[in-house]
Each structure stands twice: as C-alpha cells, then as structure tokens.
Amino acid sequence: MLSLDEAVTNHSDFLILGIKPAVEKSYFEAMNFFFNFVEETTGFKVVIAAHPRSNYESTPGVFGERAVIKGKTVELVAKSKMVIAHMSTSLSYAVLFKKPVLLVNIPGLQANSQLNLMVKTMGAAIGSEPIDLFRDQLVPSLLQRESHFEKYSAYEKRYVKTTGADELPVWEIVAKTVKQMWPDKSSNTCANL
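Residues numbered from 1 in each chain as written. Predicted model: local features only at pLDDT ≥ 70, side-chain atom pairs only at ≥ 80, totals over all residues. Heavy atoms only, no water.

Colleague: I'm lost on the sheet that holds strand β1 (residues 2-4) in this one. Help?
Modeller: For sheets, the rule is that strands pair by backbone hydrogen bonds, running either parallel or antiparallel. Pairing in this open sheet of five strands is parallel, and the strands run β3-β2-β1-β4-β5 from one edge to the other. The open sheet has two edge strands, β3 (68-70) and β5 (101-103), and neither has a second partner. Strand-to-strand twist in this sheet, taken as the mean axis angle between neighbours without regard to direction, amounts to 25°. Looking at chain direction, β1 and strand β2 (residues 47-50) are connected through three bridges and run parallel. Looking at β2, one finds that L2 is bridged to V47. Packing of helix α2 (residues 24-42) onto the sheet brings it into contact with β1, β2, β4 (83-85) and β5, and relative to β4 it is tilted by some 165°. (Pairing = 2+ DSSP bridges. Helix = DSSP H or I, 4+ residues; strand = E, 2+ residues; numbered from the N terminus. Axes fitted to C-alpha atoms, helices over the stretch in contact; angles between N-to-C directions. Contact = heavy atoms within 4.5 Å.)

Colleague: I tried to follow the packing of helix α5 (residues 114-126) against helix α6 (residues 149-160) on my own but got confused; where do I start?
Modeller: Relative placement of two packed helices is described by the angle separating their axes and the distance separating the axes. α6 packs onto α5 with a crossing angle of 115° between their chain directions and a minimal axis gap of 7 Å. Here α5 is positioned roughly perpendicular relative to α6, judged by the angle of their axes. In this structure, α5 uses M122, A124, A125 and I126 to contact α6, whose residues at the interface are K151, Y152, Y155 and Y159. Here the residues of the contact of α5 with α6 are counted per class, giving seven nonpolar, no polar and one charged. (Parallel < 35°, antiparallel > 145°, perpendicular 65-115°, else oblique. Nonpolar A, V, L, I, M, F, W, Y, C, P; charged D, E, K, R; others polar.)

Colleague: Honestly, the packing of aromatic side chains in this entry has me stumped. Any pointers?
Modeller: Each aromatic ring pair is summarised here by two numbers: the centre-to-centre distance and the angle between the ring planes. Evaluation of the coordinates by the stated rule reveals nine aromatic pairs. Here F28 and Y56 contribute two aromatic rings whose centre-to-centre distance is 6.5 Å and whose plane-to-plane angle is 85°, an arrangement assigned as edge-to-face. With a gap of 28 residues between them, F28 in helix α2 and Y56 in the loop between β2 and β3 connect regions that are remote in the sequence. Each of the two residues, F28 as well as Y56, counts as buried. Grouping aromatic residues by their ring pairs yields a cluster made of Y27, F28, F34, F35, F37, Y56 and F63. (Phe/Tyr/Trp six-rings, centres within 6.5 Å; stacked < 30°, edge-to-face > 60°. Buried < 20%, exposed > 50% of the residue type's maximum accessible area, 1.4 Å probe, protein only.)

In structure tokens:
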C-alpha cells in the first residue's frame, strides 16, 4: 500500500497562495489511525511517498514507524497494491499504472475547505468517492472499492496525455514545437523579437 504524501501541513505553495494548511496534530493522528486500520485489514504495510518539498527529516516519526521515501514516487506507485491520496498530481501515476485508489479528505481541515473540494473533484474524475475519516465508519468494505478504468482512461486523456500525442519526453516535444514555429534556421528570429 502506498500513500502519496502532499505535505498538506507545511507545503510552501500554501503560504504563497494564502491557503491555510491542515492542522498538524489532527492530520497526523487521523492519517496514522487510518493507516493502522488499512494495515490491520489488508496485512500490507503502508509506505509514504514523500512530497518533493516535504521535510520529514526534521520531524521523524510523524507517520509512526512507516517508511517515508522521497524521490521514488513512480517506482513506488508501480509496485503498489493500492494508492491512498488526497488530491496529488502524482495520482496520474496511479491512473497510468491502473492501481486502485482510495481518496481521503484532508483531516485537520473543514470538509468544505478549498483543498477538500479539490479532493472531491479528483474523486469525481477517477470514480472514487473520498473517505471522510471523521464521518465514515472504518469497516473493511471501505477498502474494497472498485476501480473505474473507463474513468481512468478519460482522466488520462484529459489531464495526462491527449490522443495522438508523440511518445517522447516532454523536452523533445517542446523542442519539436519550437522548431516548427521557427523552421527557417538561417534567419536570426530571436534578434528580431
């Protein structure tokens, strides 16, 4: 089991955008309680794919004894049995690898907060009703959600890769597009801007 961390208690973008982060104590207590439930119910350990801007080295143990791994999200998603997330853009990896997804409202925020509304929107896009840890009863059937692969396909086409796009790294697509915009290499186009 893999949890896609989003650094919702201290994400640097929140300060810039004026978004109130999740309350640390409420967030970590609720998520660890949920992770314990998931581990006890499934027999699988939850691993945390740390957000690139997180700094859990300075706050060890916030996820209990669980492994917190940074910089290996793609590999972790590919090997996972199921993905737990809020609204992460790395949810695209779960869609691409066709992994079952459990979306969870962000504890430590009001249910109608801007961020939890984004969780709900993400859930609608992939066909996964978010779990509210303060409202929903934690029963094993909560973890047996069906994956809606037709929604995954629509999500992939809408947010990840359009139909007919080149199978190239992004930088090559950008370079190809720029070359198409300025095909005449003999003129110094940039100097005329």
